[in-house]
Amino acid sequence: MIAISRVGALLALTCSVGASRTAVESFDYIVIGAGTSGLVVANRLSEQSSVTVAVIEPGNDERNNANVTTTLFGAGLNTPVDWLYSTVKQSGAGNRAFDLHAGKAWGGTSAINGMTYIRGNVAEFDAWEQLGNPGWNWNSIFHYFKKSEKYTVPTDSQLAAGATFESRYHGFHGPLHVGYIPALENGSFAPVVRDTWAGLSVAHNPDLNSGSVRGYGMGPQTLDTKSNVRWDAARAYLHPAENRPNLKVLKGTVKRITWAAGKSEAGLLVADGVEVVTDDGESTVLRAKKEIVVSAGALRTPLVLEGSGIGNPRILKSLGVEPLVDLPGVGENLIEQPSHFLVFSGDLHDSSPSAYHSYVTAAELFGADLAAVEAATRASIPRWARAAADASGVRSLDICAIEKLLKIQHDLLFKHNVTAAEILLVIAPDNILASNYWALFPFSRGSVHLESADRINEPLVDPRIFLADFDLSTMMAAGRFAEKFWLSEPMKTKGSVMGPVVSGGLDAQWQAHLRDTVIANSHPTGTASMMSRALGGVVDPELRVYGTANVRVVDASVVPMQVSGHLTATLYGLAERASDIIKRTTH
Ligand SMILES: Cc1cc2nc3c(=O)[nH]c(=O)nc-3n(C[C@H](O)[C@H](O)[C@H](O)COP(=O)(O)OP(=O)(O)OC[C@H]3O[C@@H](n4cnc5c(N)ncnc54)[C@H](O)[C@@H]3O)c2cc1C
Ligand SMILES: *[C@@H]1O[C@H](CO)[C@@H](O)[C@H](O)[C@H]1NC(C)=O
Ligand SMILES: *[C@@H]1O[C@H](CO)[C@@H](O)[C@H](O)[C@H]1NC(C)=O
Ligand SMILES: *[C@@H]1O[C@H](CO)[C@@H](O)[C@H](O)[C@H]1NC(C)=O
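- In the annotation of an unreviewed UniProt entry, the entry for the protein chain reads Glucose oxidase, and the organism field reads Chaetomium fimeti.
- Recorded in UniProt for the protein chain, the comment headed Sequence similarities (unreviewed entry) runs: "Belongs to the GMC oxidoreductase family."
- Of the protein chain, the UniProt comment under Cofactor (unreviewed entry) reads exactly: "FAD".

Below, the structure is given as structure tokens:
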């Protein structure tokens, strides 16, 4: 019976756009993208039974795809549920093109990601307010972190294996299961990891979700601990709502937003629908009576905006798109973290993969060189800002604005002492041990744009990895720190660790090794930033695209600066808060 009713629900839900020959379908809200953030918004808006909500998504319902449901990381990568974008060749990294993974499924990237649930540091969220967003700070988003979360307290055996938590930082009644992987109960690695980091002055952090991620701790994940199933955004926010008659998921890819003939009284563009391309290449239009919410992810939202006439007029004209709103920040300010693996071998056996996180500050990374690094970084900001502005094409970005952003980031790192790098331990089969580490706050700024108005599935992505030398220095310092971990007691003797990999260990050797083997973390943010328009922002604090009356963006694009945690924890909270704002401010 359950199977039959589920099929019924599926049929009602997965009608193909344009399949029926009836009049143009219309909805109050259209959400573009059934991803991590879009499904939060779709769920919360459709709680209001008086409004209708459609979500447009090119990916499929993957609730029965074992590559999605498994809690082993990586199964969905490079399969049909991965868009697998490629960057332009990176001159700072051996002239290689990088893979950027992103989910193509109900649930978006939450369907393929590493499931780590870690928020970030208080000061990182408070910086959003400084960027022109009154009301966006740690205190205001904290309530929404808890609203989204359904935390499962670790079992006694998980606690014995090293899991720790503090209840006051967690929500217990939200839709998103957060907890520890069942296999952790057999983990035996934690005491060694903890003691080794402690010996390197990286203290144990009892709860990485408290607003301070500094130190070493075991991170929870977005999974159901009982069934050991990935809890992606579809399981959390769509499946429980899929029988609502006012919510529909439609299959298709949005090419552009369509606009009403006249402007609003305030002189703003008014969206009245979207043009959707179906799998067979047909175009159809859906009407939106109230609002459009763009949630296509940091690499795709800018493309939707550009295709709709919103962006840098110079770029739009070259695409043959009529410029309607001059917003040069669209597709700029792309912040992607450089990531690297150091691989060791050892005879340690453990069954708690990827739960051991360490977050270190610039002071810990640079030691006695801290003051010199701080000063050199500050002095380089104008140069990096100019490089980012030049790359945007005939300086269409305001160099002073970029400088201001980079200075705020500099303050975060060197005044507020937020964490500068994450070092994640990976234990793989066949005695493989690794440190995967990344710079949390790169100063490089890249871009993503439409390459041609019709190639809506192929973003032209340039993260400009290592444009800023700080990023390379941070990676080098983090790599050395990671190496030191494996070669320090008690880790060293317990695991008979073989290494190091970067022989010689001179700066030049490290730099060459990093440039040749660095990868992208697939954590892009900032490409339609929530910031003042003067700073190059694209959306206001109510997530509304400047110059429009009724188009919002809710996804990683609006996150104006990186956060130290992993992104979904932040995005679930952000999308929950955004949903309340949209409900309150829709006219
Ligand atoms: C390999 C990998 C590992 C990661 N590991 C972690 C982790 O462990 N923990 C963590 O917190 N974060 C992790 N992240 C990052 C995190 O998952 C993403 O930042 C987050 O899921 C992005 O959410 P979003 O809402 O911005 O976009 P997405 O979830 O990507 O949603 C965008 C949706 O829009 C759809 N779409 C795109 N274009 C269009 C269009 N034109 N029309 C209609 N729909 C469209 C897409 O198909 C997709 O479903 C990882 C990311 C990757 C790639
Ligand atoms: C799951 O991944 C495997 C290995 O990459 C692949 O062969 C298989 O086709 C994938 N399954 C689906 C449903 O895509
Ligand atoms: C832990 O190990 C025991 C004994 O090998 C095994 O029966 C059990 O299934 C394991 N638990 C998990 C969650 O993997
Ligand atoms: C940051 O670190 C510096 C140098 O270690 C210290 O002087 C300063 O007080 C710290 N600031 C904060 C806010 O912790």
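Now, onward.
## Brief notes about the pattern of salt bridges
Okay, step 1: Scanning the model with the defined rule gives 25 salt bridges in all.
Okay, step 2: Taking the shortest distance from any N to any O, the salt bridge between R44 and E576 comes out at 2.8 Å. Taken together, the residues span a long stretch of sequence, with R44 in helix 2 (residues 36-45) and E576 in helix 17 (residues 567-585) at a distance of 532 residues. Each member of the pair R44 and E576 is classed as buried.
Okay, step 3: Linking K407 and E403 is a salt bridge whose minimum nitrogen-to-oxygen distance equals 3.8 Å. On the criterion of helical spacing, the pair formed by K407 and E403 is a turn pair, its members being 4 residues apart in helix 13 (residues 399-414).
Okay, step 4: A residue is classified by how much of its surface remains accessible, and K407, at 42% relative accessible area, is partly exposed.

## What to know about the site of ligand 3
Okay, step 1: Around ligand 3, the neighbouring residues are P182, A183, E185 and N186.
Okay, step 2: Take E185: an N or O atom from its side chain is 3.2 Å from a nitrogen atom of ligand 3.
Okay, step 3: One of the side-chain N or O atoms of N186 is found 2.3 Å from an oxygen atom in ligand 3.
Okay, step 4: Compared with its free state, where it exposes 360 Å², ligand 3 has 33% of that area covered by protein.
Okay, step 5: Partitioned by chemical class, the residues of the shell around ligand 3 number 2 nonpolar, 1 polar and 1 charged.

## A word on unusual backbone geometry
A negative phi holds for most residues other than glycine; trans holds for most peptide bonds.
Okay, step 1: Here the amide bond leading from E489 into P490 is cis, since omega sits at 0°, within 30 degrees of zero.
Okay, step 2: Tracing the backbone shows P490 in the loop between helix 14 (469-486) and helix 15 (491-495).
Okay, step 3: Notably, F466 is not glycine yet its phi reads approximately 65°, a positive angle.
Okay, step 4: Checked against the element boundaries, F466 lands in the loop between strand 21 (460-462) and helix 14.
Okay, step 5: The residue L543 is not glycine, and still its phi comes out positive at about 65°.

## Section: the packing of aromatic side chains
Okay, step 1: Tallied over the full model, the rule gives 19 aromatic pairs.
Okay, step 2: Relative to W128, the ring of F125 has its centre 5.2 Å away and its plane inclined at 55°; by these criteria the two rings are tilted. Of this pair, F125 and W128 both sit in helix 4 (residues 122-130), separated by 3 residues, roughly a single helical turn. You'll find F125 and W128 in the same group, each marked buried.
Okay, step 3: Geometrically, the ring pair formed by F125 and F145 is edge-to-face, given 5.7 Å between the ring centres and 75° between the ring planes. With a gap of 20 residues between them, F125 in helix 4 and F145 in helix 5 (residues 138-148) connect regions that are remote in the sequence.

## Some remarks on the pairing of strand 16 (residues 338-345)
Okay, step 1: Relative to strand 22 (residues 519-520), strand 16 is paired through 2 bridges, and the arrangement is antiparallel. Counted as the bridge partner of S339 is I519 from strand 22.

## Describing helix 13
Okay, step 1: In this model helix 13 runs 22 Å from its N-terminal to its C-terminal C-alpha over 16 residues, within 8% of the 22 Å that 1.5 Å per residue would give.
Okay, step 2: The element helix 13 is largely enclosed, with a buried count of 12 among its 16 residues.
Okay, step 3: Buried within helix 13 we find I399, A401, I402, E403, L405, L406, I408, Q409, H410, L412, L413 and F414.
Okay, step 4: On its buried side, helix 13 packs onto helix 4, helix 11 (362-366), helix 12 (370-391), strand 18 (419-428) and helix 14.

## Some thoughts on the environment of P154
Okay, step 1: Inspection of the secondary structure puts P154 in the loop between strand 5 (149-151) and helix 6 (156-160).
Okay, step 2: Looking at P154, the relative accessible area reads 5%, which means it is buried.
Okay, step 3: With 66 residues separating them in the primary sequence, P154 and V88 have C-alpha atoms 43 Å apart.
Okay, step 4: The residues touching P154, leaving out its near neighbours within four places in the chain, are L159, A163, F165 and Y180.

## Description of the site of ligand 1
Okay, step 1: For ligand 1, the set of nearby residues contains 37 residues, the closest of which are T36, S37, E57, T109 and T568.
Okay, step 2: Within the side chain of T36, a nitrogen or oxygen atom sits 2.6 Å from an oxygen atom of ligand 1.
Okay, step 3: Measuring from a nitrogen atom of ligand 1, one finds a backbone N or O atom of G114 at 2.9 Å.
Okay, step 4: Across the complex, the protein chains shield 96% of the 1,000 Å² of accessible surface that ligand 1 would expose by itself.
Okay, step 5: Those elements that provide at least two residues to the shell around ligand 1 are helix 2, strand 2 (53-57), strand 11 (253-259) and helix 17.
Okay, step 6: Top contributing element to the shell around ligand 1 by residue count: helix 17, with 3 residues.
Okay, step 7: Its residues assigned to classes, the shell around ligand 1 shows 14 nonpolar, 19 polar and 4 charged.

## Thoughts on the sheet that holds strand 22
Okay, step 1: Overall, antiparallel pairing links the 6 strands, which are arranged 7-17-18-19-16-22 in an open sheet. Every other strand in the sheet has two partners, leaving strand 7 (215-218) and strand 22 as the edge strands with one partner each.
Okay, step 2: Direction of pairing for strand 7 relative to strand 17 (residues 356-361): antiparallel, over a ladder of 4 bridges. Note that in strand 17 the partner of M218 across the bridge is Y356.
Okay, step 3: Contacts between helix 16 (residues 507-517) and the sheet are confined to strand 16, strand 19 (432-439) and strand 22, with strand 16 contributing the most and set at about 110° to the helix.

## A word on the UniProt feature "active site" (unreviewed entry) in the protein chain
Okay, step 1: Look at the UniProt record and you will see "active site" (unreviewed entry) annotated at H523 and H566. Spanning 44 residues, the annotated positions come together in the fold, the maximum distance between their C-alpha atoms being 7.9 Å.
Okay, step 2: Here H523 lies in the loop between strand 22 and strand 23 (551-553).
Okay, step 3: With relative accessibility at 15%, the residue H523 sits in the buried group.
Okay, step 4: The contacts of H566, once residues within four sequence positions are left out, are T116, I118, R119, H357, Y359, E422, W438 and H523.

Rules used throughout
Residues numbered from 1 in each chain as written. Chains lettered and ligands numbered in written order. Predicted model: local features only at pLDDT ≥ 70, side-chain atom pairs only at ≥ 80, totals over all residues. Heavy atoms only, no water. UniProt positions renumbered as here; feature names shortened; annotations may be inferred. Salt bridge = Lys/Arg side-chain N within 4 Å of Asp/Glu carboxyl O. Helix = DSSP H or I, 4+ residues; strand = E, 2+ residues; numbered from the N terminus. Buried < 20%, exposed > 50% of the residue type's maximum accessible area, 1.4 Å probe, protein only. Near = heavy atom within 4 Å. Polar contact = N/O pair within 3.5 Å; in protein donor to acceptor, adjacent residues only side chain to side chain. Areas by Shrake-Rupley, 256 points an atom, 1.4 Å probe, with all protein chains shown as cover. Nonpolar A, V, L, I, M, F, W, Y, C, P; charged D, E, K, R; others polar. Phe/Tyr/Trp six-rings, centres within 6.5 Å; stacked < 30°, edge-to-face > 60°. Pairing = 2+ DSSP bridges. Expected span 1.5 Å × (residues − 1). Contact = heavy atoms within 4.5 Å. Axes fitted to C-alpha atoms, helices over the stretch in contact; angles between N-to-C directions.

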